[in-house]
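Listed below are the residues making up each chain.
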Amino acid sequence: MAAPAALQRSVVSPAGRHTASLIFLHGSGDTGQGARTWIKQILNQDMAFQHIKVIYPTAPARPYTPMKGAFSTVWFDRYKISNDCPEHIESIDSMCRGLTDLINDEIKNGIAKNRILIGGFSMGGGMAMHLAYRFHQDLAGVFALSSFLNKDSAVYQALKRNESVLPELFQCHGTADELVLYSWGEETNKMLESLGVPTSLHSFPNLNHELNRTELEKLKTWIVKKLPVEAAKTNK
């Protein structure tokens, strides 16, 4: 089978020595460059670090059922935007393979897997939870902003059989979200916690389906906690 084409990406290089990587997955219909620009507008600068490379990949365009089959840059298909329907597992698993290639690119560049974080906004956060908790449980951590998993998610099924230590989940959600209800995010958090995931859920009053500065500053603090600066190794 032909290998999937490498995902297009927008990259913010570290200011100093590259010792860790962060993969940020955009929401449905967006692009890597679009997510980077949005965050830059909120923070008045790129989300950048001394030692962490920030990678914003773009999902390939595919038919998207909630848009009546129109093409959209989405990580996977959904039968509908609801937490109470089956997952479109075939498209989720296909994209997990493409994103695994992205993780492996970083490992080939000398970055240890426990020095890689993955997360995203909305659908991007859902994708990150599938990728990490089903296939890459040795990543440094996962973040999900305004995201959810379906009630019978394959993630929950996989974790029921799991016995290893799991990456921490950092979750944020606006209580005024009208597209992905706050209760869906809260339910996802409770389910993952019950299955052994160390979690935190930060709620933002009056925030709709969007990002804000306070949330991104909290996320940055958590990122540096999970991926601290490493002392330069001396050759003995």
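Residues numbered from 1 in each chain as written. Predicted model: local features only at pLDDT ≥ 70, side-chain atom pairs only at ≥ 80, totals over all residues. Heavy atoms only, no water.

Trainee: Please provide a residue-by-residue account of the overall build of the protein chain, values included.
Mentor: Looking only at helices and strands, one finds six helices and nine strands in the protein chain. Whereas a compact globule of 236 residues would reach a radius of gyration of roughly 18 Å, the protein chain reaches 17 Å, a difference of no more than 12%. A separation threshold of at least 6 residues defines the contact pool for the protein chain, and within that pool the share at least 24 residues apart is 74%. Total accessible area on the protein chain is roughly 10,900 Å²; 51% of this is exposed by carbon and sulfur atoms. Of the charged side chains in the protein chain, 25 are positive and 23 negative; the average position of the first set lies 6 Å away from that of the second. (Helix = DSSP H or I, 4+ residues; strand = E, 2+ residues; numbered from the N terminus. Rg over C-alpha atoms; globule rule 2.2 N^0.38 Å. Contact = heavy atoms within 4.5 Å. Areas by Shrake-Rupley, 256 points an atom, 1.4 Å probe, with all protein chains shown as cover. Lys, Arg positive; Asp, Glu negative; His and termini not counted. Charge placed at Lys NZ, Arg CZ, Asp CG, Glu CD.)

Trainee: Give me the lowdown on the environment of Ala59, citing residues and values where you can.
Mentor: Its location among the elements puts Ala59 in the loop between β3 (52-57) and β4 (61-64). Setting aside its immediate chain neighbours within four residues, Ala59 contacts His26, Thr73, Val74 and Trp75.

Trainee: Please set out empty space enclosed by the protein residue by residue, giving values where relevant.
Mentor: Enumeration over the complete set of coordinates arrives at one cavity of 30 Å³ or more. Each pocket or cavity is described by its volume, and for the largest cavity that value is around 90 Å³. Taken together, 16 residues form the lining of the largest cavity, with Phe76, Arg78, Glu87, Ile92 and Asn150 sitting closest to its centre. A per-class count over the lining of the largest cavity returns seven nonpolar, five polar and four charged. (1 Å grid on protein atoms, 1.4 Å probe; cavity = no way out; pocket = protein on both sides within 12 Å on 5 of 7 lines; lining within 4 Å. Points joined across faces, edges and corners; volume = space filled by probe spheres on them. Nonpolar A, V, L, I, M, F, W, Y, C, P; charged D, E, K, R; others polar.)

Trainee: Got a sec to walk through the side chain of Thr73? Specific residues and values, please.
Mentor: Looking at the secondary structure, you find Thr73 in strand β5 (residues 70-73). Under the relative-accessibility criterion, Thr73 is labelled buried at 17%. Among the polar contacts listed, one links the side chain of Thr73 to the backbone oxygen of Asp30, at a separation of 2.6 Å. Once residues within four sequence positions are removed from consideration, Thr73 is found in contact with His26, Gly27, Ser28, Gly29, Asp30, Thr58, Ala59, Pro60 and Ala61. (Buried < 20%, exposed > 50% of the residue type's maximum accessible area, 1.4 Å probe, protein only. Polar contact = N/O pair within 3.5 Å; in protein donor to acceptor, adjacent residues only side chain to side chain.)

Trainee: Please provide a residue-by-residue account of helix α5 (residues 182-194), values included.
Mentor: The end-to-end C-alpha separation of α5 is 18 Å, in line with the 18 Å expected for 13 residues at 1.5 Å each. Along α5, the positions that sit buried rather than exposed are Tyr182, Trp184, Gly185, Thr188, Asn189 and Leu192. Projected down its long axis, α5 shows its buried positions confined to an angular sector of 165 degrees, all on one face. Residues of α5 that are exposed and point more than 90 degrees away from the buried face comprise Lys190 and Ser194. Residues of α5 that are buried make contact with α3 (123-135), α4 (154-160), β8 (168-174) and β9 (199-204). (Expected span 1.5 Å × (residues − 1). Arc of directions from axis to C-beta.)

Trainee: Mind laying out the packing of aromatic side chains, listing which residues take part and the relevant values?
Mentor: As enumerated under the stated definition, the model contains five aromatic pairs in all. Ring geometry for Phe24 and Phe143: centres 5.6 Å apart, planes at 45 degrees, overall tilted. Residue Phe24 is found in strand β2 (residues 20-25), and its partner Phe143 is found in strand β7 (residues 141-145); the two are separated by 119 residues along the sequence. When sorted by exposure, Phe24 lands in the same class as Phe143, which is buried. Among the aromatic side chains, those forming a connected cluster through ring pairs are Phe24, Tyr56 and Phe143. The ring centre of Phe49 lies 6.0 Å from the NZ or CZ of Lys220, which sits over that ring. (Phe/Tyr/Trp six-rings, centres within 6.5 Å; stacked < 30°, edge-to-face > 60°. Lys NZ or Arg CZ within 6 Å of the ring centre and 35° of its normal.)

Trainee: So, the pattern of salt bridges: which residues are in play, and what are the values?
Mentor: Applying the stated rule across the entire model yields 11 salt bridges. Close ionic contact of Asp105 with Arg9 constitutes a salt bridge, the shortest N to O distance being 3.4 Å. On the criterion of sequence distance, the pair formed by Asp105 in helix α2 (residues 89-108) and Arg9 in strand β1 (residues 9-12) is long-range, its members being 96 residues apart. Judged by relative accessible area, which is 28%, Asp105 ranks as partly exposed. For Arg115, the salt bridge goes to Glu230, with nearest N and O atoms at 3.5 Å. With Arg115 in the loop between α2 and β6 (116-121) and Glu230 in the segment after α6 (213-226), this residue pair connects regions lying 115 residues apart in the sequence. Of the residues examined, Arg115 reaches a relative accessible area of 7% and is grouped as buried. (Salt bridge = Lys/Arg side-chain N within 4 Å of Asp/Glu carboxyl O.)

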